[in-house]
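An overview of the molecular structure
For reference, the chains in residue letters:
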Amino acid sequence: MIRAHFGLQKTPFGHEDNPRLLAHQQEVMDILLVHAQQGGLCLILGESGVGKTATKQAILQLDPKRYIIPVINRTLHTWHNTLRMLCEAFQVEFAATNHKCERLLVAEAYRLHRAGKLLMPVIDDAHLMPSECLRKLRLLLEDFPRSHNLVLLGQAPLLQTLSLSINEEIKSRVTYSVVLQRLCPEAIEAFILNALDAAGLGHNTFSPEALALIVRSGEGLLRRTKNLCLGCLVQAVRDQTRCVDLKQVNRVLLQPHWRKNCDQPLA
């Protein structure tokens, strides 16, 4: 609908195969690539919407001839199911017992290592993974080639979990950690304008007043800003206009999920 209305080939603020990283995200990526060569355990932390997913997408776009990147997105599972997902990611046949699965995974990791591949397993939403699974994963990876780099993406509670004495053996192996913060208004505005450029839209698609309100309402969160921009573009299609102004932004901000103190219906 948006593409047809604005005459575009790509959906603005949509999923990109090759996302454009902001400066702080690119810095994180550069450090991860160093640890991928020498081995490590990296933590990328931050509240929802600060840009962890974009960083993960950039990791997944690395050259598959050089990097092997098994990813686990569904972390609320038992160790048995986690092993199953690891086998799927490594393209290893799932065995009947956990012990045999672990042996097959270790053997495959060494085979890839001998072939000159760099292993970078990624665990998304790692703060949701049960501590027992996290400890078993650490023990499994102890038998992997030393050059592998485990990347854990999650929110602040992950750091609190690792600070428990029972998880000290995991925390002591962390080689790099970063907490992605909310962005300043200038960075959010640059993010919006870059997204417009990527989609082939002019910067005047958002009026200066509308852009300022979007930046302020986004509260420094990339996901919140992106969703607000998309909502405004949908509203512009409904109003049959090619310029988003305060009218469209305010119509979107009236929706209940954008309002912090929305009146609740009486029981």
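Look a little higher up for the structure.
Now for a description of the structure that goes with this document. (Residues numbered from 1 in each chain as written. Predicted model: local features only at pLDDT ≥ 70, side-chain atom pairs only at ≥ 80, totals over all residues. Heavy atoms only, no water.)

Turning our attention to helix α12 (residues 246-253). Those residues of α12 not exposed but buried are Q248, V249, V252 and L253. Considered in projection along α12, the buried side chains sweep an arc of 130° and stay on one side of the axis. For α12, the elements touching its buried residues are α10 (208-218) and α11 (222-238). (Buried < 20%, exposed > 50% of the residue type's maximum accessible area, 1.4 Å probe, protein only. Helix = DSSP H or I, 4+ residues; strand = E, 2+ residues; numbered from the N terminus. Arc of directions from axis to C-beta. Contact = heavy atoms within 4.5 Å.)

The subject of this paragraph is the pairing of strand β1 (residues 40-45). Consecutive side chains along a regular strand alternate between the two faces of the sheet. Burial within β1 is extensive, with 6 of its 6 residues counted as buried. In this structure, β1 lies alongside strand β6 (residues 149-154), joined through 6 bridges in parallel fashion. Bridge pairing links G40 to N149 in β6. By the bridge criterion, 4 bridges tie β1 to strand β7 (residues 176-179) in an arrangement that is parallel. Paired with I44 across the bridge in β7 is V178. (Pairing = 2+ DSSP bridges.)

Summed over all chains, the structure comprises 9 salt bridges. Measuring nitrogen to oxygen at the nearest pair gives 3.2 Å for the salt bridge that ties E132 to K136. Residue E132 and its partner K136 are both found in helix α6 (residues 131-141); the two are separated by 4 residues, about one turn of the helix. Classification of E132 as partly exposed rests on a relative accessible area of 47%. Given the relative accessible area of 33%, K136 is considered partly exposed. Put simply, R224 and E219 hold a salt bridge, and the shortest N to O gap is 4.0 Å. Overall, E219 belongs to the partly exposed group, its relative accessible area being 28%. Where salt bridges share partners, they join E47, R182, E219 and R224 into one cluster. (Salt bridge = Lys/Arg side-chain N within 4 Å of Asp/Glu carboxyl O.)

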